[in-house]
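As a plain string of letters, each chain reads:
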Amino acid sequence: MLRKRPTRSLAALGAGAALLVSGVPGVAQQEAIPMVFQEVLDVRVVNVEVVVTDGKGLRVRGLEASDFRLLVDGEEVPIDFFSEVVGGRVSERKVAVTGEQPVVVPELEPGRPVGTSYLVFVDDFFSIARDRNRVLKKFEEDLDRMGAEDRMAIVAYDGRELEMLASWTNSKRVIVDALRRARGRKAYGLHRMAELRRNDDDRQLRRRRSNELDQVLAEQGPERDTYSIIAGLDPVERPYATRLTNQIERSVNAAVATLRGFARPGGRKAMMILAGGWPFSPAEYTVNDFDSAMGDAILAANDPSIRSHDQLFGPVVDTANLLGYTLYPVDLPGLRSDSRDASYQQPGEGRLYSEFQARSREYGLHASLDFLAEETGGESLINSLRDEFFEHVVEDTRSYYWLGFSPQRAGDNQRHDIKVKVVGKGLRVRARDGFLDLSRDREQTMMVESSLLFGNPPSATPLDLHFGRPERKSLKMLVPLQVAIPMKEVAMLPIGEDLYGADLEVRISVMDDDGGRSDTPVEKIEIRGRDLPPPGSVFTYVTTLTMRKRNHRVVVAVWDPVGGSVMSNSIELTP
């Protein structure tokens, strides 16, 4: 077999997060923490959990499958599976199992309890310890609301590392221990506040100078343009907006990795995101203080160079919908002292904001939580509701309709809209609003990137990885990487007379110890031979990585599209 020797530049730059998995004490009720990351997911059925309420906000029960219409991209599709869950148990009402009528959701049995898998993501990167600990303490007091069939996993993220505080467990003792460890972790919200204050101080200084300039221009005559030089994002504000965007992207990537690391629990799946404050539009948040002009915020919000809205938060929404998770984001800070009006009604009743609040940063923080909830059929627990969030989540996941359908998969990476309608007037429906039809290629890349963040190899089939001697070059280093691919895992097919071959894909992702992460390009590997490889043979792939002079984690995954095997491993580099 010949060696493949491409040269690859993988500078570990941009937003990312180093994630370290820590174990928890093992008990009988606790599942072992997986040693590998999830394999490629094959989602053949899309589940849609639906809550139906009347005009008074009360749950509507007793509906049949025929009462629902399920539309995908505006076209009605058949409902393949249907069940109603009431009070945590599957309704015993008969459901047709023949003909074109939907059948009971396969994993549900009429009359039996339905457990909920609660995945908890604690954001230490943006939260203040005081706010986080208040919410976690009340959370601990409400753990008795968990049912016998429920289970919980807890993960915390600090901007660099992801720590698994508890894997799936229904042991209250393990969960309490995890929550107390979560309260003892360092939080970095004060750092984020200090960055914001520096940005605002700079704006105040520039505003005063701008006013002085406007006055000078006004004195020169009414024909002079006195438009403020600080409208929108100026060169001083842009670095803060860019840094904030990258920080949010790190937290979102960590949430995505968490979802993928816990992709296959049974029953209802709910992720509670305890968020310290993620602005929906970082650019608007940069300029949107109460002393700024409304035009500044509008111009900033439309700045195409700063990612926002679904560009930032879409990945976690798409992953949650793909895996069947409902998101329940929790507002850790609660009502901020700088908000002039933060009126908020109960979930489902709508929200009232004053003119001042519509321009406040508080609104921008709430908007991101609303987006996560609305896109996945959940609820956002904001301001005072943070102290009762688990009560609301438990109640919301106890009674609902469970619909399922088999989409026509194209693997084109396109997002498809889902809309659920109920026959009858005055009824409101809450459900996830779409799903992403991932290609196998994109799925493989996401698997590698999420594995890099979570600290586990993407698959159970290992690769043999070795670094060569680094070559210093200016502020960077060139590092040879040798990948030994076991040929027993590769499907070699005849491609001509006396010739066998396989076309593989290799993905390499790099992350430095500050959380900076490279892109994940795809390299094609062609293997050709006159004979089938003998037992125990390997194919050696050699590449060169260009990295900064610091510690790095490297994840390598090789995929055989024909045979379907995934081989991977991770390796640490200390220069």
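This text goes with the structure placed above it.
Reading the values: the criteria
- Residues numbered from 1 in each chain as written.
- Predicted model: local features only at pLDDT ≥ 70, side-chain atom pairs only at ≥ 80, totals over all residues.
- Heavy atoms only, no water.
- Helix = DSSP H or I, 4+ residues; strand = E, 2+ residues; numbered from the N terminus.
- Buried < 20%, exposed > 50% of the residue type's maximum accessible area, 1.4 Å probe, protein only.
- Contact = heavy atoms within 4.5 Å.
- Areas by Shrake-Rupley, 256 points an atom, 1.4 Å probe, with all protein chains shown as cover.
- Polar contact = N/O pair within 3.5 Å; in protein donor to acceptor, adjacent residues only side chain to side chain.
- Core = buried A, V, L, I, M, F, W, Y, C linked by side-chain atoms within 4.5 Å.
- Pairing = 2+ DSSP bridges.
- Phe/Tyr/Trp six-rings, centres within 6.5 Å; stacked < 30°, edge-to-face > 60°.
- Lys NZ or Arg CZ within 6 Å of the ring centre and 35° of its normal.
- Axes fitted to C-alpha atoms, helices over the stretch in contact; angles between N-to-C directions.
- Parallel < 35°, antiparallel > 145°, perpendicular 65-115°, else oblique.
- Nonpolar A, V, L, I, M, F, W, Y, C, P; charged D, E, K, R; others polar.

## With respect to the overall build of the protein
Across its full length, the protein carries 11 helices and 24 strands. In the protein, which comprises 575 residues, the proportion classed as buried is 56%. Restricting to contacts in the protein with at least 6 residues of sequence separation, those with at least 24 account for 77%. As presented, the protein carries roughly 25600 Å² of accessible surface, and 49% of it is formed by carbon and sulfur atoms.

## Brief notes about the side chain of Ser509
Relative to the assigned elements, Ser509 resides in strand E20 (residues 499-512). Among the polar contacts listed, one links the side chain of Ser509 to the side chain of Thr520, at a separation of 3.2 Å.

## Notes on the nonpolar core
A general tendency of soluble globular proteins is for nonpolar side chains to be buried together. Phe121, Met271, Phe313, Val316, Tyr325 and Leu372 are the most contacted members of the largest nonpolar core, which has 45 residues in total. Only strand E6 (116-123), strand E7 (151-157), strand E8 (162-169), helix H4 (237-261), strand E9 (268-275), helix H7 (309-323), strand E10 (325-331) and helix H9 (361-376) provide two or more residues apiece to this core. Here the element with the most residues in this core is H4; it accounts for 8 residues. Ranked by size, the runner-up nonpolar core spans 31 residues in total, among them Val122, Ala156, Met272 and Tyr328.

## Looking at the sheet that holds strand E13 (residues 428-430)
Strand order across the open sheet formed by 5 strands is E5-E4-E11-E1-E13, with antiparallel pairing between neighbours. Because the sheet does not close on itself, it has two edges, and the strands there are strand E5 (89-90) and E13. Sheet analysis places strand E1 (residues 46-53) next to strand E11 (residues 400-405), joined by 5 bridges and oriented antiparallel. Bridging across to E11, Val48 finds its partner in Leu403.

## With respect to the packing of aromatic side chains
Inspection of the entire model under this criterion finds 16 aromatic pairs. Ring centres of Phe389 and Phe390 lie 6.4 Å apart, and the angle between their planes is 65°; this geometry places the pair in the edge-to-face category. Each member of the pair, Phe389 together with Phe390, is buried. Aromatic side chains Phe405 and Phe435 sit 5.9 Å apart centroid to centroid with 70° between the ring planes, which places their arrangement in the edge-to-face category. Of this pair, Phe405 sits in strand E11 while Phe435 sits in strand E14 (residues 434-437), placing them 30 residues apart in sequence. The two residues Phe405 and Phe435 agree in class, both being buried. Here a set of aromatic residues connected by ring pairs shows up, and it is made of Tyr118, Phe139, Phe389 and Phe390. Between the NZ or CZ atom of Arg268 and the centre of the ring of Tyr400, over which it lies, the distance is 4.4 Å.

## Notes on helix H10 (residues 389-396)
In terms of burial, H10 is largely enclosed, as 6 of its 8 residues are buried. Within H10, burial applies to Phe389, Phe390, His392, Val393, Val394 and Asp396.

## Quick look at the packing of helix H1 (residues 129-141) against helix H2 (residues 172-183)
In contact at an axis separation of 9 Å, H1 and H2 are set at 170° when each is read in the N-to-C sense. Considered as vectors, H1 and H2 are oriented roughly antiparallel to each other. When H1 is examined against H2, the residues Arg132, Asn133, Leu136, Lys137, Phe139 and Glu140 are found in contact with a partner set consisting of Val176, Leu179, Arg180, Ala182 and Arg183. In terms of residue class, the contact of H1 with H2 is made up of 5 nonpolar, 1 polar and 5 charged.

## Considerations on the packing of H4 against H7
Between H4 and H7, the least distance of the axes is 8 Å, while the angle of their chain directions is 10°. On the basis of their axis angle, the class for H4 and H7 is roughly parallel. Across the interface between the two elements, Thr245, Ile248, Glu249, Val252, Ala255, Val256, Leu259 and Arg260 from H4 touch Leu312, Phe313, Pro315, Val316, Thr319, Ala320 and Leu323 from H7. Looking at the contact of H4 with H7 residue by residue, the class counts come to 11 nonpolar, 2 polar and 2 charged.

## Description of unusual backbone geometry
A positive phi angle is found at Asp73, which is not glycine, with a value near 55°. For Asp73, the location among the structural elements is in the loop between strand E2 (68-72) and strand E3 (75-77). A relative accessible area of 43% means that Asp73 is categorised as partly exposed. The backbone of Asn413 sits at a positive phi, close to 60°, despite the residue not being glycine. Mapped onto the elements of the fold, Asn413 is located in the loop between E11 and strand E12 (414-422). Here Asn413 falls in the partly exposed class, since its relative accessible area comes to 34%.

Purely geometric stuff here, so don't read any function into it on its own.
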